[in-house]
Amino acid sequence: MAYDFQGKSIDHDEEGFITDVGDWSPELASFLAEQEGIALGDEHWEVINFLRDYYNEYQIAPAIRVLVKQMKKAFGPEKGNNKYLYELFPYGPAKQACKFAGLPKPTGCI
Amino acid sequence: MAEQDLIIPELGEHLPTPDIAEDALADVRSYPAKPQLQEALGFPTELVEDWEEKAIAKMGELLEKYRSLRLYLDICVKCGACTDKCQFFLGSGDPKNMPVARQDLLRQVYRKHFTAGGKYAPDLVGAKPLTREMLDEWFTYYHQCSQCRRCSLFCPYGIDTAEISMAAREIMDSIGMGQKYTNEVVLKCHQIGNNLGIPEAALRNICEGVEEDLEEETGVSIRVPVNEAGADVLLVAPSADFFAEPHIDGLIGYAKVFHQAGISWTVSSHASEAGNFAMYLGSYEHMHKVSTRIRTAAIDLKVKRVVMGECGHAWRAAYSFLNTICGPWDFLDPNYPIPQHICEFTQDLIERGGLALDPTANDHMTVTFHDSCNPARAAGMGGYPGGQFEIPRSIIRACCNKYVDMHPDFIREKTFCCGGGGGLLTEELMPVRIAGATPRLQALKQVMDNDGVTHMAAICAICKSQFTAILPKVDMDPDMIVSLHQLVSNAIQLGAKD
Ligand code: SF4
Ligand code: SF4
Ligand code: SF4
């Protein structure tokens, strides 16, 4: 399973998450989002950038609670809530935003 | 991300026995584990060449090891009592999800190879060879069983389909046919210490964040300590309690309980998982490895007690196996149960007047309780029969003025599985999960309509996640699922006991 992107083949899993974080680029994020009918704007990037920074530091995507808190801190309460995040990423920040950010989907008892 | 074609059930007043729908869930298959993953767990990387022979040999080995397995395969009289007891059958109508049919997938092969009748008159006794087709059916339908044991309760011989499912999975792993979801989780647990793969730094970050929030909200400094040697209690919670909603509200509840009790506690980054997915594989070796992390952490942190958080199958694993597979625990304080469930811990404090609880804090809710199948049918609590049913209810009643039970046929030992246990809590099995959740949600709907129930509490990480995922699909509010200790958290009067 692979995406054909800019002449390169990029492996992904059954749900479309790229399997090597190193394959990621901002252009790839836009490409992945387009596939799901989303044009990435500044608001999306605010979330995606935080996810990537957090992942680089902690090797796991942030818990939703951590993400919401951070958004609130950085951009105020209008952006620091679940509803806002679901408007941006209708399939949920954990699933969809992580996918665009190139992070593995957190799995377990969640 | 295309949504699968989901059949969304209509929830009526009663749960009808469904019309038979042949093969309704035949195409819903777990993703297979990739070669690297299989290898890391010590399983063959892909289906081995002589898989039939190897599978039969493995079956023989398991029959020797577990006498009950042979017994279960021998004694079924096809009375049919179990047929309408499995939530996956009730929610789908797929006859292969009738417990006896699920057992028969393995039984037919057993008859062929391990009984005289099967050898000489296979057609008469329903004996069949293990063909590739049969193996594929095993993979499909043994991963549509949450190992909840509801069927065994209604079987006059107590035949436990869960044990048969576990054996089938163990055989499949041994010939290179693993399930991606479960195997990935087991590997993360071995490598990082928990099912989600939360490394130590992230765990600290999360717990510090919770401490900050708690201080801001309550004005009291409430700790969520990580790796603090010398604490009295090691709390082993499911990793979802550090990550997901509403689980984290349960963690906050534990923290408040410890705070008010004045008992020092810690979580461990080495044993940052209560669950034991190796149980779903049926693998003793992996179970042992996962459980041993708890032992190591308890010794390293020099604790006196081990308390398990809200997790259904974790409690089953801890309750039935912790002592046998990684005991003795003689370095712990013998005055307390080893291990102890967080509900036993909280209940004990309530009985001794150690918690100041104001149930009016939960007056905006009318609460019901989902008995998770593992505590309900495969473990106990409080050291007396039925303790696992009374203790959680008694805590809820101490914290809430309005509590209502669901229909007696669907609670306590007869509870339904949430539909996500046993290694099914994965996206590709969504149609199976919806089918499995339907009976529980139907019973819930009934008390919502008749008694004004607004919330359902649970003490299992998987149950909470599963319901949170399924409720919106049937147009119900996912926030109605709460952690039991979230109710405690709301009711506890901080400062009252200082
Ligand atoms: S899911 Fe539960 S009721 Fe259904 S077959 Fe498995 S153990 Fe039995
Ligand atoms: S209830 Fe027990 S004996 Fe009867 S068909 Fe089911 S498994 Fe067989
Ligand atoms: S998820 Fe909950 S209800 Fe389902 S198998 Fe586990 S303990 Fe049982």
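Residues numbered from 1 in each chain as written. Chains lettered and ligands numbered in written order. Predicted model: local features only at pLDDT ≥ 70, side-chain atom pairs only at ≥ 80, totals over all residues. Heavy atoms only, no water.

1. Topic: the site of ligand 1
All names here are of chain B.
Here comes step 1: Close to ligand 1 lie 13 residues; Cys86, Arg102, Cys145, Cys148 and Cys151 are nearest.
Here comes step 2: Elements with a minimum of two residues in the shell around ligand 1: helix H4 (87-92), helix H5 (99-114) and helix H8 (150-154).
Here comes step 3: Among the residues making up the shell around ligand 1, the classes are represented as six nonpolar, four polar and three charged. (Near = heavy atom within 4 Å. Helix = DSSP H or I, 4+ residues; strand = E, 2+ residues; numbered from the N terminus. Nonpolar A, V, L, I, M, F, W, Y, C, P; charged D, E, K, R; others polar.)

2. A closer look at the packing of helix H14 (residues 284-300) of chain B against helix H15 (residues 312-326) of chain B
Residues and elements named next belong to chain B.
Here comes step 1: Relative orientation of the contacting elements H14 and H15 amounts to 85°, with a least axis distance of 10 Å. The angle between H14 and H15 falls in the class roughly perpendicular. Contacts between H14 and H15 involve Tyr284, Met287, His288, Ser291, Thr292, Ile294 and Arg295 from the former and Phe321, Leu322, Ile325 and Cys326 from the latter.
Here comes step 2: By residue class, the composition of the contact of H14 with H15 is seven nonpolar, three polar and one charged. (Axes fitted to C-alpha atoms, helices over the stretch in contact; angles between N-to-C directions. Parallel < 35°, antiparallel > 145°, perpendicular 65-115°, else oblique. Contact = heavy atoms within 4.5 Å.)

3. A few points about the site of ligand 3
All names here are of chain B.
Here comes step 1: Residues in close proximity to ligand 3 include Gly312, His370, Ser372, Cys373, Asn374, Cys417, Cys418, Gly421, Cys460, Ile462 and Cys463, which together make up its full environment.
Here comes step 2: Sorting the residues of the shell around ligand 3 by element identifies helix H17 (373-378) and helix H20 (461-470) as the ones contributing at least two each.
Here comes step 3: Class assignment of the residues belonging to the shell around ligand 3 gives a composition of six nonpolar, five polar and no charged.

4. Some points on the sheet that holds strand E7 (residues 481-483) of chain B
Residues and elements named next belong to chain B.
Here comes step 1: An order of E5-E6-E7 is seen for the three strands of this open sheet, with the pairing classed as parallel. With one partner strand each, in any of the chains shown, strand E5 (367-369) and E7 form the two edges of the open sheet. The mean angle between the axes of side-by-side strands here comes to 40°, regardless of whether they run parallel or antiparallel.
Here comes step 2: Of the pairings in the sheet, the one linking E5 to strand E6 (residues 455-458) comprises three bridges and is parallel in character. By the bridge assignment, Phe369 is partnered in E6 with Ala457.
Here comes step 3: Along the sheet face, H20 touches E6 and E7 and points at about 160° away from the line of E7.
Here comes step 4: Packing against the sheet, helix H21 (residues 484-491) makes contact with E5, E6 and E7, and its axis sits at approximately 70° to E7. (Pairing = 2+ DSSP bridges.)

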